[in-house]
Amino acid sequence: MPLSPSVPTKAELRRHLLHQRQALDPYRWLDRSHRLCQHLRRSPQFHHAQTVLGYWSFRHEPDLSSLWTLPKRWGLPRCVGPDLVWHRWSLGQPLTQDRYGIWSPEATAPLLDPKTVDLVLVPCVACDRQGYRLGYGGGFYDRLLSKAPWNQVVTLGILFADHLQDTLPHDPWDRPLTGVCTEAGIEWYQPPQQTAQE
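**A word on the sheet that holds strand β10 (residues 164-165)**
Reasoning step 1: Here we have three strands laid out as an open sheet, ordered β8-β7-β10, and mixed in their pairing. Single-partner strands in this sheet number two, and they are β8 (133-134) and β10.
Reasoning step 2: Relative to β8, strand β7 (residues 126-128) runs antiparallel, the two sharing two bridges. Residue C127 lies in a different strand from β8, and its bridge partner there is R133.

What follows is the structure, encoded as structure tokens:
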């Protein structure tokens, strides 16, 4: 009797999905990113949010740059030791590459008060339909979102639809996201709470 195929580990899944995403041709990457951003623009949670945390696209993550001109208070992350800190940022302000090669605000940029944050757009290698996210393995977002007041903020995983899985392996410390946004639309897995400004 043949053995059943083994369940891939997080590391194996990450490697496979990153290779798949980085093989996406630039036209399809931009088209999918544009459609994803259109769904965000139409979302009431995004529309009403005044302070939104995003990211600068890295390794073919969905590109959010078409949103930067919208009238929001934007924040981008910077890795400091084992933690993420969030700086206020607007289009045209300088960015520097961190030790991982990710473009981040300069250390002197103003910090954002987490109590004012309405929505966090979380980059994902993959996500499942319970809201569990597969990231790059550093645990930065899990550590952040497990602490108050971050654990009360609405979080949307940002990824392409072919990386949305039915289930993913997860650990007890993994924190599920409120929902996901792909080029196919938005799915909510927990009721989104009111924004910080309401």
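**With respect to the confidence of the model for the chain**
Close inspection of predicted coordinates is inappropriate for parts of the model with low pLDDT.
Reasoning step 1: On average, residues of the chain score 89 in pLDDT, and 93% of them are at 70 or above.
Reasoning step 2: Long-range and interchain partners of residues 194-198, a stretch whose pLDDT sits below 50, account for 14 contacts in this model, where long-range means more than four residues apart.

**Things to note about helix α2 (residues 26-42)**
Reasoning step 1: Look at α2: 25 Å from first C-alpha to last across 17 residues, which is about the 24 Å you get at 1.5 Å a residue.
Reasoning step 2: For α2, every residue scored as buried is listed here: W29, R32, S33, L36, C37 and L40. Along the long axis of α2, the arc covered by the buried residues comes to 135°, so they all point the same way. Opposite the packed face of α2, turned more than 90 degrees from it, sit the exposed residues Y27 and R42.

**Description of the packing of aromatic side chains**
Reasoning step 1: Following the criterion strictly, the structure yields nine aromatic pairs and no others.
Reasoning step 2: Note on W56 and W68: the rings are 6.3 Å apart at their centroids and 10° apart in plane angle, and the pair reads as stacked. One end of the pair, W56, is in the loop between β1 (51-53) and β2 (73-80); the other, W68, is in the loop between β1 and β2, and twelve residues separate them in sequence.
Reasoning step 3: Owing to a relative accessible area of 29%, W56 belongs among the partly exposed residues under this scheme.
Reasoning step 4: Given a relative accessible area of 5%, W68 falls into the buried group.
Reasoning step 5: Summarising the aromatic geometry, the rings of W86 and Y141 are spaced 6.3 Å apart at their centres and angled 65° between planes, so their arrangement reads as edge-to-face.

**Digging into the sheet that holds strand β9 (residues 154-158)**
Reasoning step 1: Strand order in the open sheet made by the seven strands is β3-β2-β1-β6-β9-β11-β12, with mixed pairing throughout. Both edges of this open sheet fall to β3 (83-88) and β12 (185-188), since each of them pairs with a single strand only. Between one strand axis and the next, the sheet turns through 25° on average, direction left out of account.
Reasoning step 2: Bridging between β1 and strand β6 (residues 119-123) involves two bridges; their strand directions are parallel. Note on β6: the bridge partner recorded for V52 is L119.
Reasoning step 3: Running over the sheet, α2 touches β6, β9, β11 (179-182) and β12 and is turned about 130° from β11.

**A look at the pattern of salt bridges**
Reasoning step 1: With the rule as written, the count across this model stands at eight salt bridges.
Reasoning step 2: Note that K147 and D83 form a salt bridge whose closest N and O atoms lie 3.7 Å from each other. Of the two residues, K147 sits in the loop between α4 (140-145) and β9 while D83 sits in strand β3, which places them 64 residues apart along the sequence.
Reasoning step 3: Judged by its relative accessible area of 29%, D83 falls in the partly exposed class.
Reasoning step 4: One salt-bridge network, held together by shared partners, links K10, D171 and D174.

About the criteria used
- Residues numbered from 1 in each chain as written.
- Predicted model: local features only at pLDDT ≥ 70, side-chain atom pairs only at ≥ 80, totals over all residues.
- Heavy atoms only, no water.
- Pairing = 2+ DSSP bridges.
- Helix = DSSP H or I, 4+ residues; strand = E, 2+ residues; numbered from the N terminus.
- pLDDT = per-residue confidence, 0-100.
- Contact = heavy atoms within 4.5 Å.
- Expected span 1.5 Å × (residues − 1).
- Buried < 20%, exposed > 50% of the residue type's maximum accessible area, 1.4 Å probe, protein only.
- Arc of directions from axis to C-beta.
- Phe/Tyr/Trp six-rings, centres within 6.5 Å; stacked < 30°, edge-to-face > 60°.
- Axes fitted to C-alpha atoms, helices over the stretch in contact; angles between N-to-C directions.
- Salt bridge = Lys/Arg side-chain N within 4 Å of Asp/Glu carboxyl O.

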